[in-house]
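Now for the letters of each chain:
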Amino acid sequence: MKRILGILSLLLFISACDDGDLTVDIIDFSEGPVQKCSAKDVFYKVKGSEMMFLEIPLATFINDETLPDTPIEVQLSSTIKVTYRRYVSETSSENICPTAPAATPNLAEQWVATDGIVQITSKAIKTTGANGLVKITGYTYNINFKQITFNKPDGPQTETIVPFGNYASTITPLAFGFDTEVAKSNCSNSDNRIFNFSAGEALILDAGDYSTLFVNEVTPLSTPRTALISTTNKLYYRLYSGAISNPYFCLTSPTTPTLIQQWDAVDGVAATSGVIEVETTTQGTGFLHKIHLKNVTMKKGNSDFNMGPDFEFGSFVTNP
């Protein structure tokens, strides 16, 4: 009897210890960049015989930075999917990217996420030229899966955060292919406008302080006339779908070519940033006004870039 009671006690102890908790598997894809299939919107990482992939529209990855602590968040759904796979041997993109994925190696295990959030934080990739002009060449997107639940073969498993990694995109940087000759508008609706354009891009200064910046008097080299970028003196860059010409700037509501991008200059700070500087010399019977932009930052959405410590906007001539 004592022996039987002992066996029953042991069984009860084992039963009490086994409370039904599932085995927790560790997913670690922290190393290496996230790749994208060329022919479809599938983002994946491969680690030996393991693969994790995210199905999400490429348009989710906007060409803009996210604000601090304000990532893009997308709920998993029938079209937004996260899947983990383990194969019997080393796998590759051939098992996910082609229209007809490779049949080998064989799939050993698959987990499909049934709930969770895709969290994306973006940062601009910038390069600086010899003249200090910064160009945005792409964006890096840090991807995490938050409160994600996988339906495993032995039951569901939920993780607070599963890091997926960084996906990097490339974009065509703004050309800034301007020469050093600018033009002053002779349009009745914008007679204080000065612009420089090349093909489909334009850099435009609406100088509210025109009468004090552009005076027909020579300035000493050490004391150019200055003003700040502000609501009075607005500077903006525009990129169009096609080439533009001088008459375009006189149109009130032009329809073609269409505006693709506009970047606005950030208001200046005295003696620090956003400074418009004008040097005036004589040229024949007229006066040559050379415009420099000092430490000007251009902004669109949450993204910005700096035009360098001394950007030569260009020169134009006025006659007394």
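Coordinates for the structure precede this section.
Position numbers for residues count from 1 along each chain, tracking the sequence in the order it is written. The model is predicted, so local features are restricted to residues of pLDDT at least 70 and side-chain atom pairs to those at 80 or more, both for listing and for counting; the totals for chains, interfaces and linings are taken over all residues. Each side-chain value is worked out from all heavy atoms of the structure, with water and hydrogens disregarded.

1. Points about the pattern of salt bridges
It is possible for side chains bearing opposite charge to pair when their charged atoms get close.
Logical step 1: We count a salt bridge whenever a side-chain nitrogen from Lys or Arg sits within 4 Å of a carboxyl oxygen from Asp or Glu. In total, this model carries nine salt bridges according to the counting rule given.
Logical step 2: A salt bridge links Lys 126 to Asp 304, with the nearest nitrogen and oxygen atoms 3.2 Å apart. A residue pair is termed long-range when its members are at least 10 positions apart, and Lys 126 in strand S6 (residues 107-128) and Asp 304 in strand S18 (residues 303-306) qualify at 178 residues.
Logical step 3: One salt bridge connects Arg 193 with Asp 206, and the closest N-O pair in it is separated by 2.7 Å. Of the two residues, Arg 193 sits in strand S10 (residues 193-198) while Asp 206 sits in strand S11 (residues 201-207), which places them 13 residues apart along the sequence. Taken individually, Arg 193 and Asp 206 each receive the classification buried, so the pair is uniform in this respect.
Logical step 4: A cluster of three or more residues bridged by salt bridges with shared partners is formed by Asp 25, Lys 152 and Asp 154. Only runs of H or I of at least four residues qualify as helices and only runs of E of at least two qualify as strands under DSSP, and these elements are numbered from the N terminus. Exposed residues in this analysis have more than 50% of their type's maximum accessible area, buried residues have under 20%, and partly exposed residues fall in between, with area computed by a 1.4 Å probe over protein chains only.

2. Quick notes on the environment of Thr 99
Logical step 1: When you line up the elements, Thr 99 lands in the loop between strand S5 (81-87) and S6.
Logical step 2: With 197 residues separating them along the chain, Thr 99 and Val 296 place their C-alpha atoms 48 Å apart.

3. Observations regarding the pairing of strand S16 (residues 286-294)
Logical step 1: Burial runs high along S16: seven of the nine residues are buried.
Logical step 2: Any two strands with at least two DSSP bridges between them are considered paired. The sheet contact formed by strand S15 (residues 275-283) and S16 spans nine bridges and is antiparallel. Within the sheet, the bridge partner assigned to Thr 280 lies in S16 and is His 289.
Logical step 3: Remark: two residues form the turn of the hairpin made by S15 and S16, two consecutive strands paired antiparallel; Gly 284 in that turn has positive phi of roughly 65 degrees.
Logical step 4: Here S16 runs beside strand S19 (residues 311-318); their pairing, made up of seven bridges, is antiparallel. Its bridge partner lying in S19, Leu 293 is registered against Phe 311.

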